[in-house]
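As a plain string of letters, each chain reads:
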Amino acid sequence: MIDLIDSHAHLDFPQFNDDREIVIKRAREAGLVAILNVGTDLASSRAAVALAEQYDFIYAAVGVHPHDAKTVTPDVLAELRALARHPKVVAVGEIGLDYYRDLSPRPVQRRAFADQLALAAELRLPVVIHSREAHDDVLAVLREWGRFPPGGGTEGGVTSPPVGGIEGGRGILHSYSAGLERLEEVLKLGFSIGISGPVTFPKATGVRAVAAAVSLERLLVETDCPYLTPVPYRGRRNEPAYVRYVIEAVARARGTSAEVVAHATADNAWRLLRCRF
Ligand code: NI
């Protein structure tokens, strides 16, 4: 069986409360060798770490989603810093900006994003970025954050991590929706591209164009479960085992085999999961 990695899951969410163990077992049986479970607030980050402790093939990212940006206080940042010392915490996320739902005021979102990017730089961890209808602001922030050469540095209050020569090692733009026109800059800034369920949707030609254009060594696949369920299960709850439908759709878009995409995305994810700059 081919090794698969889901680089973005929310198995701690209540949608899995009734059958979490079974879903995780199905993932293993489907060939998943690693799942990055991504926190969305402090409680969810704690739950992600607990799952990573319980299952050898689950890894955790800790962070506060832009929806909950208003909860990011100095105390919460201190708790995230403490959680991030856990050996199975491999990234800070998901963090970013969401101007579609605007559940936290935009200046508050920008503050929380900046604070958590600084935390990631301090901890030398890659970041998992959520960007929805906020791409120009997200890129402006990442441009600043990533403007230092591989050694990292600090200037004007912005701290940038060293990248240690790891391709795409600054982080992931998860469920990438910033279009073909921003792809080149995102890659130049040292980020990898996360492709999720929408690549299987008939109307999502833009996502397929990105999946076809991104260089193979910067490509990651994810479910974002319980959301963004790929065809043929669209409309139902998503789970890590369905990452194979994402892989198959990416392979079709690139004119290659699912094996090639599975191998490359698993290699890329391992590099990031093991990345300590
Ligand atoms: Ni997510």
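Our structure's up above, just so we're on the same page.
Structure report, in brief.

What counts, and where the lines are drawn
Residues numbered from 1 in each chain as written. Predicted model: local features only at pLDDT ≥ 70, side-chain atom pairs only at ≥ 80, totals over all residues. Heavy atoms only, no water. Helix = DSSP H or I, 4+ residues; strand = E, 2+ residues; numbered from the N terminus. Expected span 1.5 Å × (residues − 1). Buried < 20%, exposed > 50% of the residue type's maximum accessible area, 1.4 Å probe, protein only. Donors = N, O, S within 2.8 Å, 3.2 Å for Na, K, Ca; no water. Tetrahedral: all angles 85-135°; square planar, octahedral: opposite > 155°, others 65-115°. 1 Å grid on protein atoms, 1.4 Å probe; cavity = no way out; pocket = protein on both sides within 12 Å on 5 of 7 lines; lining within 4 Å. Points joined across faces, edges and corners; volume = space filled by probe spheres on them. Nonpolar A, V, L, I, M, F, W, Y, C, P; charged D, E, K, R; others polar. Axes fitted to C-alpha atoms, helices over the stretch in contact; angles between N-to-C directions. Parallel < 35°, antiparallel > 145°, perpendicular 65-115°, else oblique. Left-handed = near helix turned anticlockwise from the far one by under 90°. Contact = heavy atoms within 4.5 Å. Phe/Tyr/Trp six-rings, centres within 6.5 Å; stacked < 30°, edge-to-face > 60°. Lys NZ or Arg CZ within 6 Å of the ring centre and 35° of its normal.

### Considerations on helix H4 (residues 106-123)
Okay, step 1: In this model H4 runs 26 Å from its N-terminal to its C-terminal C-alpha over 18 residues, within 8% of the 26 Å that 1.5 Å per residue would give.
Okay, step 2: Those residues of H4 not exposed but buried are Gln 109, Ala 112, Phe 113, Gln 116, Leu 117, Leu 119, Ala 120, Ala 121 and Leu 123.
Okay, step 3: Within two residues after H4, Arg 124 carries a phi angle of roughly 60°, on the positive side.

### With respect to the coordination of the nickel ion
Okay, step 1: Looking at the metal site, the nickel ion is ligated by His 8 (NE2), His 10 (NE2), Glu 94 (OE) and Asp 224 (OD), spaced 2.1 to 2.3 Å from it.
Okay, step 2: Geometry at the nickel ion is irregular, judged from the four donor atoms that bind it and their angles of 85 to 174° at the metal.
Okay, step 3: Each donor residue of the nickel ion belongs to the same chain, and together they define the spacing H-x1-H-x83-E-x129-D. Pair noted here: His 8 is in strand S1 (residues 4-9) and Asp 224 is in the loop between strand S10 (219-221) and helix H8 (243-254), with a separation of 216 residues, a long-range link. An identical accessibility class is assigned to His 8 and Asp 224; each is buried.

### Section: unusual backbone geometry
Okay, step 1: For the peptide bond that leads from Gly 93 to Glu 94, omega is 10°, which places it in the cis range.
Okay, step 2: Relative to the assigned elements, Glu 94 resides in strand S4 (residues 89-98).
Okay, step 3: Cis geometry marks the peptide bond from Cys 225 to Pro 226, where omega comes out at 15°.
Okay, step 4: Position of Pro 226 among the secondary structure elements: in the loop between S10 and H8.
Okay, step 5: Of note in this structure, Ser 175 is not a glycine but carries a positive phi near 45°.
Okay, step 6: Under the relative-accessibility criterion, Ser 175 is labelled buried at 18%.
Okay, step 7: Phi is positive for Asp 224, close to 55°, though the residue is something other than glycine.

### Brief notes about empty space enclosed by the protein
Okay, step 1: Tallied over the full model, the rule gives three cavities of 30 Å³ or more.
Okay, step 2: As a volume, the largest cavity reaches approximately 100 Å³.
Okay, step 3: What lines the largest cavity is a set of 15 residues, among which Leu 36, Ala 91, Ile 172, Leu 272 and Leu 273 lie closest to the centre.
Okay, step 4: Mapped onto the lining of the largest cavity, the elements with two or more residues apiece are S1, S4, strand S5 (127-132), strand S8 (171-173) and helix H9 (258-273).
Okay, step 5: The volume enclosed by the second largest cavity comes to roughly 40 Å³.
Okay, step 6: Lining the second largest cavity we find Ile 129, His 130, Ser 131, His 135, Leu 173, His 174, Ser 175, Tyr 176, Ser 177 and Ala 178.
Okay, step 7: The biggest single contributor to the lining of the second largest cavity is S5, with three residues.
Okay, step 8: Considered class by class, the residues forming the lining of the second largest cavity number four nonpolar, six polar and no charged.

### Some remarks on the packing of helix H3 (residues 74-84) against H4
Okay, step 1: Relative to each other, H3 and H4 sit at 30°, their axes nearing to 11 Å. Of the possible angle classes, the one that applies to H3 and H4 is roughly parallel. Considering how the two elements wind past one another, H3 and H4 form a crossing that is right-handed. For the pair formed by H3 and H4, the contact residues are Leu 77, Leu 80, Arg 81 and Ala 84 on the first element and Asp 115, Gln 116, Leu 119, Glu 122 and Leu 123 on the second.
Okay, step 2: Residue composition of the contact of H3 with H4, by class: five nonpolar, one polar and three charged.

### Digging into the packing of aromatic side chains
Okay, step 1: Applying the stated rule across the entire model yields six aromatic pairs.
Okay, step 2: Ring plane angle 90° and centroid distance 6.0 Å describe the contact between Tyr 59 and Trp 270, whose orientation is recorded as edge-to-face. Remark: Trp 270 occurs in helix H9 and Tyr 59 occurs in strand S3 (residues 58-62); sequence separation between them is 211 residues. Each member of the pair, Tyr 59 as well as Trp 270, is classed as buried.
Okay, step 3: Note on Tyr 233 and Tyr 245: the rings are 5.7 Å apart at their centroids and 70° apart in plane angle, and the pair reads as edge-to-face. Of the two residues, Tyr 233 sits in the loop between S10 and H8 while Tyr 245 sits in helix H8, which places them 12 residues apart along the sequence.
Okay, step 4: Using a relative accessible area of 23% as the deciding quantity, one classes Tyr 233 as partly exposed.
Okay, step 5: Judged by relative accessible area, Tyr 245 falls into the buried class, the value being 15%.
Okay, step 6: Cluster of aromatic residues (ring-pair linked, three or more members): Tyr 233, Tyr 242 and Tyr 245.
Okay, step 7: Here the guanidinium or amino end of Lys 88 rests over the ring plane of Tyr 59, the centre of that ring lying 4.8 Å away.
Okay, step 8: Its end group placed over the ring of Phe 201, Arg 234 keeps NZ or CZ at 3.5 Å from the ring centre.

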